[in-house]
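# Tertiary structure, described
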Amino acid sequence: PTTVLYPLMTTEYFKGSIKTDVPIVEVSLSLGMMIAGFSLTFLSSKYNKLLSALVGISLISGIFTLSALLPSNKIGFIIFVMINFIAGMGIPIIEAPIQTLIQQKISNKNLGKVISFYLMMIGISGPLGLVVGSVWSRIVPINAMFLTSGILLIVLIFFVVRDKAILQDFKK
């Protein structure tokens, strides 16, 4: 849900405009998602799904961490726009293997319910993240929230690679 904090990062940290700068960041992120999603259609179904998801999470983790460390000036904002194109590429790299795993592991009888629940949880995380983030940003600087998110994603990767059940599911 950190991506819903982009408007706050753009307007509060970089002092950008809600009318022009926020859409630039969103378009950059979206273009990255579209290009990566399109590129995934050409990959073989034999690629390592766990490695792909971990690469995507690592990309996003690195971008969030780097975003927090950028200077809060126009040059920092331009770099923010460019690196969020790369972050956008990480999203389908994460989603494709997760969706594949869900479709492989869940019976057809329950597949629709599970995917609906999964999408509902993803959908609710955005507004929930914005509510929590906007309140939290009054106490903690927005760039510190990005840094925290980046670090937490690194911790997540650590736990995923140590979880034998997850590793086993992705190998099958």
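One can find the structure itself at the top, above this paragraph.
In this report, the structure presented in the accompanying data block is examined. Predicted model only: the values in this text are computed from it and were never measured.

A few words now on the packing of aromatic side chains. Taken as a whole and judged by the stated rule, the model has 9 aromatic pairs. Pairing Tyr6 with Phe80 gives two aromatic rings, centres 5.5 Å apart and planes at 80°, and the pair type is edge-to-face. Taken together, the residues span a long stretch of sequence, with Tyr6 in helix α1 (residues 6–13) and Phe80 in helix α4 (residues 74–105) at a distance of 74 residues. Seen from their ring centres, Phe14 and Phe77 are 5.8 Å apart, and the 65° between their planes marks the pair as edge-to-face. Of the two residues, Phe14 is situated in the loop between α1 and α2 (21–40) and Phe77 in helix α4; the sequence distance between them amounts to 63 residues. Each member of the pair, Phe14 as well as Phe77, carries the same accessibility label: buried. Taken together, the ring pairs in this structure connect Tyr6, Tyr13, Phe14, Phe64, Phe77, Phe80 and Phe146 into an aromatic cluster.

The next subject is helix α6 (residues 142–162). With 21 residues, α6 ought to run about 30 Å at 1.5 Å a step, and its terminal C-alpha atoms sit 31 Å apart, in line with that. The set of residues buried in α6 consists of Ile142, Asn143, Met145, Phe146, Ser149, Gly150, Leu153, Ile157 and Val160. Down the axis of α6, the smallest arc covering the buried residues is 155°, so these residues share one side. Exposed and oriented more than 90 degrees from the buried face of α6 are Leu152, Phe159 and Arg162.

The contact between α4 and helix α5 (residues 108–136) brings their axes to 10 Å, and the two run at 150°. Considered as vectors, α4 and α5 are oriented roughly antiparallel to each other. The interaxial crossing formed by α4 with α5 has right-handed handedness. Contact residues: Glu95, Ile98, Gln99, Ile102 and Gln103 in α4; Leu111, Val114, Ile115, Tyr118, Leu119 and Ile122 in α5. When grouped by side-chain class, the residues that make up the contact of α4 with α5 number 8 nonpolar, 2 polar and 1 charged.

Take the nonpolar core next. Counting residues in each nonpolar core, the largest one holds 28 residues, and the members touching the most others are Tyr6, Met9, Phe14, Phe80, Ile142 and Phe146. The biggest single contributor to this core is helix α3 (residues 49–69), with 7 residues.

A separate point is the pattern of salt bridges. Should their charged atoms come close, side chains of opposite charge can pair. This structure, assessed with the given rule, holds 2 salt bridges. Between Glu12 and Arg138 there is a salt bridge, and its shortest N-O distance comes to 3.1 Å. Pair noted here: Glu12 is in helix α1 and Arg138 is in the loop between α5 and α6, with a separation of 126 residues, a long-range link. The partly exposed category is assigned to Glu12, whose relative accessible area is 25%. Judged by relative accessible area, which is 62%, Arg138 ranks as exposed. A salt bridge links Lys74 to Asp21, with the shortest nitrogen-to-oxygen separation between them at 3.9 Å. Here the residue Lys74 occupies a position in helix α4, and Asp21 occupies one in helix α2, the gap between them amounting to 53 residues. With relative accessibility at 52%, the residue Lys74 sits in the exposed group.

Turning our eyes to something else, we now look at the packing of α3 against α4. Angle between the axes and distance between the axes: these two values describe a pair of packed helices. Running from N to C, α3 and α4 point in directions that differ by 150°, and their axes come no closer than 8 Å. Judged on the interaxial angle alone, α4 and α3 are roughly antiparallel. Regarding α3 and α4, the two cross each other, and that crossing is left-handed. Seen from α3, the contacting residues are Lys49, Ser52, Ala53, Gly56, Ile57, Leu59, Ile60, Ile63, Leu66 and Ser67; seen from α4, they are Phe80, Ile83, Asn84, Ile86, Ala87, Gly90, Ile91, Ile93, Ile94, Pro97, Thr100 and Gln104.

Reading the values: rules and limits
- Residues numbered from 1 in each chain as written.
- Predicted model: local features only at pLDDT ≥ 70, side-chain atom pairs only at ≥ 80, totals over all residues.
- Heavy atoms only, no water.
- Phe/Tyr/Trp six-rings, centres within 6.5 Å; stacked < 30°, edge-to-face > 60°.
- Helix = DSSP H or I, 4+ residues; strand = E, 2+ residues; numbered from the N terminus.
- Buried < 20%, exposed > 50% of the residue type's maximum accessible area, 1.4 Å probe, protein only.
- Expected span 1.5 Å × (residues − 1).
- Arc of directions from axis to C-beta.
- Axes fitted to C-alpha atoms, helices over the stretch in contact; angles between N-to-C directions.
- Parallel < 35°, antiparallel > 145°, perpendicular 65-115°, else oblique.
- Left-handed = near helix turned anticlockwise from the far one by under 90°.
- Contact = heavy atoms within 4.5 Å.
- Nonpolar A, V, L, I, M, F, W, Y, C, P; charged D, E, K, R; others polar.
- Core = buried A, V, L, I, M, F, W, Y, C linked by side-chain atoms within 4.5 Å.
- Salt bridge = Lys/Arg side-chain N within 4 Å of Asp/Glu carboxyl O.

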